[in-house]
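Coordinates in review
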Amino acid sequence: MTGYVGRRLLQLGPTLFGMSVVIFLMVRLMPGDVVDVLTGGDVSITPEQRDAIKRSLGLDQPLPVQYVHWIFGMVTGDPGFSLRSHEPVYTILGRALPITVELVVMAIVISVLIGIPLGVASATRANSAGDFGARVGGLMGLSMPSFWLATLILLFTSLVFQWVPAVSYEPFLKDPLTNLSQMILPALSISVFVIAIVMRMTRATMLEVLRQDYVRTARAKGGTRRSVTYRHALRNALIPVVTVVGFQVGTLMSGAAIVEVIFGLPGVGYTLIQAIFGRDYTLVETTTMLLATIFVVLNLLVDLAYVVIDPRIKVQ
Amino acid sequence: MGDYRVTRRELLRQGSLLTAAGLLAPAALLEACGNTSSSPTTTGGTPRAGGSLTWALEQDPTYLAPFGPIPTSNHWGNELIYDSLLQWDKNLTIQPALAESYTTPDNLTYIFKLRQGVKFHNGNELTGDDVKYSFDLIRNPPPPGSVSSLGQVPAIASVDVVDKYTVRFTMKKPDASMLGFLAWGRYSGIAPVDMYKQINPVTQGIGTGPMKLVEYIPNDHLSFTRFADYWNKPLPYLDQILMKVLPDEQARVAALRSGAVDGATLSADSARVLASDRSLVVLKGLTAAFREIQFTIKPGENKPWADKRVRQAISHAINRQDIIDKVYAGDGKYSGFIPPGYGKYPIADADLVSNYLKFDLSKAKQLMSDAGFSNGFPMTMLSIAAPADMTQAAEVVKQHLQQIKIDVSIQPQDIGTFAKNNGNGTFDCDLTSRGMRGDPNGFVAEFVSNARLWWPGYQVPSTIAELISKGVATPQPDQRYPIYTQLQQALMDEMLEIPLVAVYKYQVVNRRMHNMYVAFTDFNTGLKQAWVS
């Protein structure tokens, strides 16, 4: 166990390093640079003025030097300033990250609370009309893009109830009720995809588990349908479901980007999209690196949790 | 300067008296651009003080710093905070603002008399030192401002404080764009001395404007509260204004329907959908952002459009009304190089339609044949990917040019890539949009300044440069009108850029909101005088 964990932790360093190089290069290879955006494509800008802007932003240095500055800054807690607004990047992310984290956590909770019971019900009533409906619903959930669903939800509530969430973001600790009313619709929009995945995964593993000998034994012992389903079958069927939910955090993060724009929530995804359009290198690089790091660390945690849950992994 | 100087000063004096007396009569105090086509406003009733409203912005201001800003949205965020020495009313007529009058002893000097007793939001009184401080930074914008704003700044050599309430501007050369630049206000906000050292100008601001900034949370909202000591009483009427950043159009539509916001800018299609909602009012007005096609002509490339007749053929082959009908649902106007609505400077619509920009396919074919291109040629056209209408217009132009056998390949690009190609002149032709300028010179100056990068392989007629110089050096509007008419005629003969259409901007507001109008400047200036019932 210790060896496995150690090996996975050792892999983390090179993975993060490789990602940082790819992110840095991809951002710098985007056509058009921040100077073009800052000058608005103004033809009258002289080469000397362009050079002066580059110097003021530290973009006159060779790329490897800029890369080292950025990495060193990130590690020491100061990756620099937004090239467009001159706000410290960590100030911007400190404002945006809690919103996205809340959105993703809420979406996961919704996915689990709806997806698992639906999956169980579908498996225990396999091939019934309800099962068929849940499977079709699941397919629709997988097929509907979150941005489309978000727009539809907004238009629906505004037309039918003359209501949309409060437009100005309120932190949970400041006003919990307003905050929850603001977050529930965007969270629902991005969670539909994950609800479908969780439902289908739960159904599939439940169907498999329900055919196992120990379930038959539990039934033979006289266990009620409810206790056999939830105490014996579901507990074992949940292992792959937990893994899948962990892996869906990345999907939720990416879905959050567009949904944040639609609902006007100033989260990380929204910030990143604005920064990409503005060629705000420092902000794009740091935000992408942060998201990638979260993704890698979560994957690692899921892998490690899997080892704890399923001892057979250790043997492999 | 003779009689004109006296008249202008007298008019400004009258204007300041009117304003001081609290009479907000829209008297024509000084005509820079003359009367423009005004948009419908939400009017009616006696203004009521108090209340609050929420306005949806389609784009985050990025930063509020007043000196050298690049994004237009920056001014959406700070126009309620900062005032300039002069201001435009909604008809683009220059009105006094922080300066109550000015004189021009010679054509290189402007002396401004500041309004006395004007307070900044921090309680300090406005003096000449604040004006000098601001203009020193306007001419050397600190980050996040950019030197590219300097192209809009008049040729100011020095700013001197004569006394507490008098400031003298000395120009490097006669420059008639000075007054329009000040009235436009986009780059000429006045801040108190050392403001950049006292606060973070990115997210905070101290001005003399009608509203005080309470907070700016980037990408989310700006909140303002009424400035009780505002110099232009009885404005502002509103106690609070909240600006919410809602980039998604459907989100703005939903927020308007539900009453969560009181007003927003929308596309023509969305505005039409909301026209049937009895709680909402659709406002419509022209802005300066007309659409046009630009070419580059490089030495040795021998591109077909290096021949003037080909460019003229392209212009005559384009059916602008078809663009208006297909892309803008019938709402739009022909535009010359100075857009319709910009006072008396634009070429008359009838002349554009029936002469300079006439859709005349047989003439276009004849011109192509005369130039030796009756079999056409391929051409790549860049367009800005968002907003979508730019690429849609390019698609319609592509269909038109097929009639003269020009095979257009359209390449939509995001704004960053487009800006790079535009700035470097690395494109054959592109379809883009212009923006507001403080003076008519701003719409034509590029035919000199851009020649180095865009047309190094073409000799732009010297008369164009001469007319541009003459126009900017001539302060009297009556003498300027014929210069700019002649200049536009010369430019529409050359067609190095082909103006297409001017489009309408739509703002939808809640019926309880009054005094709002679509500003030709593309700002939301009506919020300064808006009130709610």
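What you are looking at is a predicted structure, and each value in this text was computed from that prediction instead of being measured.

1. Observations concerning the overall build of chain A
On a plain count of helices and strands, chain A comes out with 13 helices and zero strands. Helices and strands in chain A line up, N terminus first, as α-α-α-α-α-α-α-α-α-α-α-α-α. Overall, chain A is about 85 × 60 × 35 Å in size when its C-alpha atoms are taken along their principal axes.

2. A short note on the overall build of chain B
Check the secondary structure of chain B and you find 18 helices and 21 strands. Here the C-alpha coordinates of chain B stretch approximately 70 × 55 × 40 Å along the principal axes. Counting across all 533 residues of chain B, residues that qualify as buried make up 55%. The contacts of chain B with a sequence gap of at least 6 include a subset with a gap of at least 24, amounting to 71%.

3. Brief notes about the sheet that holds strand β13 (residues 291-295) of chain B
Residues and elements named next belong to chain B. If you trace the five strands from one edge of the open sheet to the other, you get β16-β15-β17-β13-β18, paired in mixed fashion. One side of each edge strand has no neighbouring strand; the edge strands of this open sheet are β16 (406-413) and β18 (497-499). In this sheet, neighbouring strand axes are inclined to one another by 25° on average, regardless of whether the strands run parallel or antiparallel. Across five bridges, the pairing between β13 and strand β17 (residues 429-433) is antiparallel. Across the sheet, the residue bridging to Ile-293 is Leu-431, located in β17. Its contacts with the sheet place helix α12 (residues 389-402) against β13, β15 (377-384), β16 and β17, and it is angled at close to 170° to β16.

4. Some thoughts on the pairing of strand β6 (residues 156-163) of chain B
Residue and element names in this part refer to chain B. Two elements, β6 and strand β7 (residues 166-171), share six bridges in a ladder whose sense is antiparallel. Its bridge partner being in β7, Ser-158 is matched across the sheet by Thr-170. Counted along the chain from β6 to the antiparallel partner β7, the turn is two residues long.

5. Thoughts on the interface of chain B and chain A
Of the residues lining the interface, 47 residues belong to chain B; the matching set on chain A comes to 42 residues. Taken together, the elements giving at least two residues each to the side of chain B that touches chain A come down to β10 (240-245), α6 (249-258), α13 (415-424), α15 (446-449) and α16 (451-454) of chain B. Tallied by class, residues from the side of chain B that touches chain A come to 22 nonpolar, 17 polar and eight charged.

6. Focus on helix α11 (residues 361-370) of chain B
Along an α-helix, residues three or four apart share an orientation, since each turn contains 3.6 residues. All names here are of chain B. Within the span of α11, buried status applies to Ala-364, Leu-367 and Met-368. All buried residues of α11 lie within an arc of 100° about the axis, which places them on one face of the element. Elements that come into contact with the buried residues of α11 comprise α8 (308-317). Where α11 ends, the next residue or the one after it, Gly-372, has phi of about 85°, a positive value.

7. Focus on the nonpolar core
With 229 residues, the main nonpolar core has Val-198 and Leu-252 of chain A together with Ile-241 and Ala-255 of chain B as its most contacted residues. Not counting residues up to four positions away in its chain, the partners in contact with Leu-252 of chain A are Val-104, Ala-107, Ile-108, Ile-190 and Val-194 of chain A.

8. What to know about the sheet that holds strand β4 (residues 99-103) of chain B
All names here are of chain B. Ordered in space as β4-β5-β7-β6, the four strands form an open sheet in which the pairing is antiparallel. Looking along the sheet, the strands with just one partner apiece sit at the ends: β4 and β6. On average, each strand axis in the sheet is tilted by 20° relative to the strand beside it, whichever way the strands run. For strand β5 (residues 109-114) and β7, the ladder comprises five bridges, and the chain directions are antiparallel. Along β7, the bridge assignment pairs Lys-113 with Thr-166. Packing of helix α3 (residues 128-139) onto the sheet brings it into contact with β5, β6 and β7, and relative to β6 it is tilted by some 170°.

9. Topic: the packing of helix α5 (residues 89-124) of chain A against helix α8 (residues 176-210) of chain A
All names here are of chain A. Where α5 meets α8, the axes come as close as 6 Å, and the angle between the chain directions of the two elements is 35°. Here α5 runs over α8; the crossing is right-handed. Here the residues of the contact of α5 with α8 sort into 23 nonpolar, six polar and two charged.

10. Notes on the pairing of β10 of chain B
Residues and elements named next belong to chain B. Pairing geometry for strand β1 (residues 52-57) and β10, over six bridges, is parallel. Across the sheet, residue Trp-55 finds its bridge partner in β10, namely Met-243. Two strands pair when backbone bridges link them, and strand β9 (residues 221-226) and β10 are joined in this way by five bridges, in the antiparallel orientation. Bridged to Thr-225 within β10 is Gln-240.

11. Re the environment of Gly-332 of chain B
Residue and element names in this part refer to chain B. Within the secondary structure, Gly-332 sits in strand β14 (residues 332-334). Distance from Gly-332 to Gly-180, taken between C-alpha atoms, is 26 Å for residues 152 residues apart in sequence. Among residues more than four places away in sequence, those in contact with Gly-332 are Ile-324, Val-501, Ala-502, Val-503 and Tyr-504.

12. Quick notes on α8 of chain A
Between the first and last C-alpha of α8 of chain A there are merely 41 Å, a value that for 35 residues lags more than 12% behind the 51 Å anticipated at 1.5 Å per step. Maximum bend of α8 of chain A: about 45°, positioned at Ser-191 of chain A.

13. Thoughts on unusual backbone geometry
Between Pro-143 of chain B and Pro-144 of chain B the backbone carries a cis peptide bond, its omega angle lying at 5°. Relative to the elements of secondary structure, Pro-144 of chain B occurs in the loop between α3 and β6. In this model, Asn-127 of chain A sits at a positive phi of 65°, which is unusual for a non-glycine residue. For Asn-127 of chain A, the location among the structural elements is in the loop between α5 and α6 (129-143). Judged by the 9 C-beta atoms lying within 10 Å of it, Asn-127 of chain A is exposed. The phi dihedral of Asn-302 of chain B is positive, around 50°, even though this residue is not glycine. Its place among the elements puts Asn-302 of chain B in the loop between β13 and α8.

14. A few points about the environment of Ala-465 of chain B
All names here are of chain B. Within the secondary structure layout, Ala-465 lies in helix α17 (residues 462-473). Ala-465 sits 21 residues away from Val-444 along the chain, and the two C-alpha atoms are 9.6 Å apart. With residues near it in sequence (within four places) discarded, Ala-465 still touches Val-448 and Val-460.

15. Section: the packing of helix α7 (residues 146-160) of chain A against α6 of chain B
Orientation of α7 of chain A relative to α6 of chain B, taken along the N-to-C sense of each, is 15°, at an axis distance of 8 Å. The angle between the axes of α7 of chain A and α6 of chain B places the two elements in the roughly parallel class. Read as a crossing pair, α7 of chain A and α6 of chain B show a hand that is left-handed. On α6 of chain B, the residues that touch Thr-151, Leu-154, Leu-155, Ser-158 and Leu-159 of chain A of α7 of chain A are Gln-250, Ala-251, Ala-254, Arg-257 and Ser-258 of chain B. Split by residue class, the contact of α7 of chain A with α6 of chain B holds five nonpolar, four polar and one charged.

16. Concerning the confidence of the model for chain B
Residue and element names in this part refer to chain B. Put simply, chain B has an average pLDDT of 89, and 92% of its residues get 70 or more. Counting contacts from residues 1-39, a segment whose pLDDT is below 50, to residues more than four positions away or on other chains yields 67 contacts. Quick note on the complex model: pTM equals 0.86, ipTM equals 0.83.

Cut-offs and rules
- Residues numbered from 1 in each chain as written.
- Chains lettered and ligands numbered in written order.
- Predicted model: local features only at pLDDT ≥ 70, side-chain atom pairs only at ≥ 80, totals over all residues.
- Helix = DSSP H or I, 4+ residues; strand = E, 2+ residues; numbered from the N terminus.
- Buried ≥ 20, exposed ≤ 12 C-beta atoms within 10 Å, placed from the backbone.
- Contact = placed C-beta atoms within 7 Å.
- Pairing = 2+ DSSP bridges.
- Axes fitted to C-alpha atoms, helices over the stretch in contact; angles between N-to-C directions.
- Nonpolar A, V, L, I, M, F, W, Y, C, P; charged D, E, K, R; others polar.
- Arc of directions from axis to C-beta.
- Core = buried A, V, L, I, M, F, W, Y, C linked by C-beta atoms within 7 Å.
- Left-handed = near helix turned anticlockwise from the far one by under 90°.
- Expected span 1.5 Å × (residues − 1).
- Bend = angle between axes of the 7 residues up to and from the residue.
- Parallel < 35°, antiparallel > 145°, perpendicular 65-115°, else oblique.
- pLDDT = per-residue confidence, 0-100.

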